[in-house]
Amino acid sequence: MSSATEPRTTLAYLQRAADFLAARGVANARLDAEVLLASVLAIDRVGVYLRFDQPLAPREIDAYRELVRRRAGGEPVAYLTGRREFWSIALAVTPDVLIPRPETELLVERVLALVAVADVSDADGGARPPLRILDLGTGSGALAIALARALPQAIVTAVDVSPAAVTVAAANAREAGVADRVTVVVGSWTSALDPAARFDVIVSNPPYVPTAELATLAAEVRAEPALALDGGADGLVAYRAFVPGAVAQLTPGGRLLVEVGAGQAEAVAAILVAAGLENVAWHADLAGVARVVVATAAAPALAEVAV
Ligand code: GLN
């Protein structure tokens, strides 16, 4: 091994890693190489640029080689760094949870839009009443925590059937400073909740990938928990399982917002209507895919409220 040809600078290691990842078919090789190096050095990506001409310590070289090797083997960057940002919040992620996707931020946006409208219609200058939110299948806690951060009046219950996911979500809620307003519960959909509990908003990003499609997904997606992805034969098994129970816990006029896979909006809308919800609408993500389906629980008839 000649020291004259051995790469010495941070930039040289970075370039070599990017070339290696590209040769192994990694789509965003340079970006991934930068993010992994930043993780090894415990700095941000800009920090990596600022030290391009500096050497790496042997320990850093070893750690970087190991991460690059695992990335080339199909492990997602977020599992290698243990972090992913969602709604500008740094979340811890482990292979026990789905890696939060940018398109899921649309669901947060739609909740905020609904709450803004409600605020205008009953603006009285007084303190906002608490907004009770339920997140079914919270995983990393992404939706629950983003909503708690964005809505100071929100009291959030987050449920996941995976105890390991609940541990991740609870830690993320603490780190995000919202643990006092986010309660994380282990359970299958609504089964662990007090049946008398009522929520103004229920959100879910359930597993919706048809089982037969799982094998066709990219290696890094297949590294994610099947529990978070596998939507059964037609991809809609989870919606059929949780929607009736969710509807039973909505306040009159409350909203259910769910993420759906490409091409599923109409079928999911039909499930929501069959469960008694009204005013079904869907919203497209930045790629033009109908991604969030929203519906409203029937308000009580006038006679019922005019006591
Ligand atoms: N959006 C994810 C994917 O395309 C699926 C997430 C889910 O099933 N909720 O892989």
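Summarised in this report is the structure supplied together with it. (Residues numbered from 1 in each chain as written. Predicted model: local features only at pLDDT ≥ 70, side-chain atom pairs only at ≥ 80, totals over all residues. Heavy atoms only, no water.)

1. Points about the environment of glycine 139
Okay, so step 1: Note on placement: glycine 139 falls in the loop between β3 (131-136) and α7 (142-150).
Okay, so step 2: Here the alpha-carbon distance between glycine 139 and valine 97, two residues 42 residues apart in the chain, equals 5.1 Å. (Helix = DSSP H or I, 4+ residues; strand = E, 2+ residues; numbered from the N terminus.)

2. Comments concerning the site of the ligand
Okay, so step 1: The local shell around the ligand consists of Leu98, Arg101, Asn205, Pro206, Pro207, Tyr208, Val209, Val221, Ala228 and Leu229.
Okay, so step 2: Separating a nitrogen atom of the ligand from a backbone N or O atom of proline 206 is a distance of 2.6 Å.
Okay, so step 3: Between the ligand and tyrosine 208 there is a distance of 3.0 Å, counted from a nitrogen atom to a side-chain nitrogen or oxygen.
Okay, so step 4: Relative to its unbound accessible area of 300 Å², the ligand is 87% covered by the protein chains.
Okay, so step 5: In this structure, the ligand is accommodated by the largest pocket.
Okay, so step 6: Of the residues that constitute the shell around the ligand, the class distribution is eight nonpolar, one polar and one charged. (Near = heavy atom within 4 Å. Polar contact = N/O pair within 3.5 Å; in protein donor to acceptor, adjacent residues only side chain to side chain. Areas by Shrake-Rupley, 256 points an atom, 1.4 Å probe, with all protein chains shown as cover. 1 Å grid on protein atoms, 1.4 Å probe; cavity = no way out; pocket = protein on both sides within 12 Å on 5 of 7 lines; lining within 4 Å. Sits in = over half its atoms within 2 Å of the grid points. Nonpolar A, V, L, I, M, F, W, Y, C, P; charged D, E, K, R; others polar.)

3. Observations regarding the environment of alanine 281
Okay, so step 1: Along the chain, the position of alanine 281 falls in strand β8 (residues 278-284).
Okay, so step 2: Alanine 281 sits in the partly exposed class, given a relative accessible area of 30%.
Okay, so step 3: Non-local contacts of alanine 281, meaning those with residues more than four positions away in its chain, are made with Val292, Val293 and Val294. (Buried < 20%, exposed > 50% of the residue type's maximum accessible area, 1.4 Å probe, protein only. Contact = heavy atoms within 4.5 Å.)

4. Remarks on the pattern of salt bridges
Okay, so step 1: Counting across every chain of the model gives eleven salt bridges.
Okay, so step 2: Residue arginine 132 is joined to aspartate 200 by a salt bridge in which the shortest nitrogen-to-oxygen separation is 3.2 Å. Of this pair, arginine 132 sits in strand β3 while aspartate 200 sits in strand β6 (residues 199-204), placing them 68 residues apart in sequence.
Okay, so step 3: Judged by its relative accessible area of 35%, arginine 132 is partly exposed.
Okay, so step 4: Three or more residues joined by partner-sharing salt bridges are found here, namely Arg30, Glu34 and Arg45. (Salt bridge = Lys/Arg side-chain N within 4 Å of Asp/Glu carboxyl O.)

5. Some thoughts on the packing of helix α2 (residues 29-41) against helix α4 (residues 58-72)
How two helices pack is summed up by the angle between their axes together with the distance between the axes.
Okay, so step 1: Viewed as axis vectors pointing N to C, α2 and α4 meet at an angle of 140°, and their least axial separation amounts to 9 Å. Overall, the two elements α2 and α4 adopt an arrangement that is oblique. Crossing handedness for the pair α2 and α4: right-handed. In this structure, α2 uses Asp32, Ala33, Leu36, Leu37, Ser39, Val40 and Leu41 to contact α4, whose residues at the interface are Glu60, Ala63, Tyr64, Leu67, Val68 and Arg71.
Okay, so step 2: Taken together, the residues of the contact of α2 with α4 break down into nine nonpolar, one polar and three charged. (Axes fitted to C-alpha atoms, helices over the stretch in contact; angles between N-to-C directions. Parallel < 35°, antiparallel > 145°, perpendicular 65-115°, else oblique. Left-handed = near helix turned anticlockwise from the far one by under 90°.)

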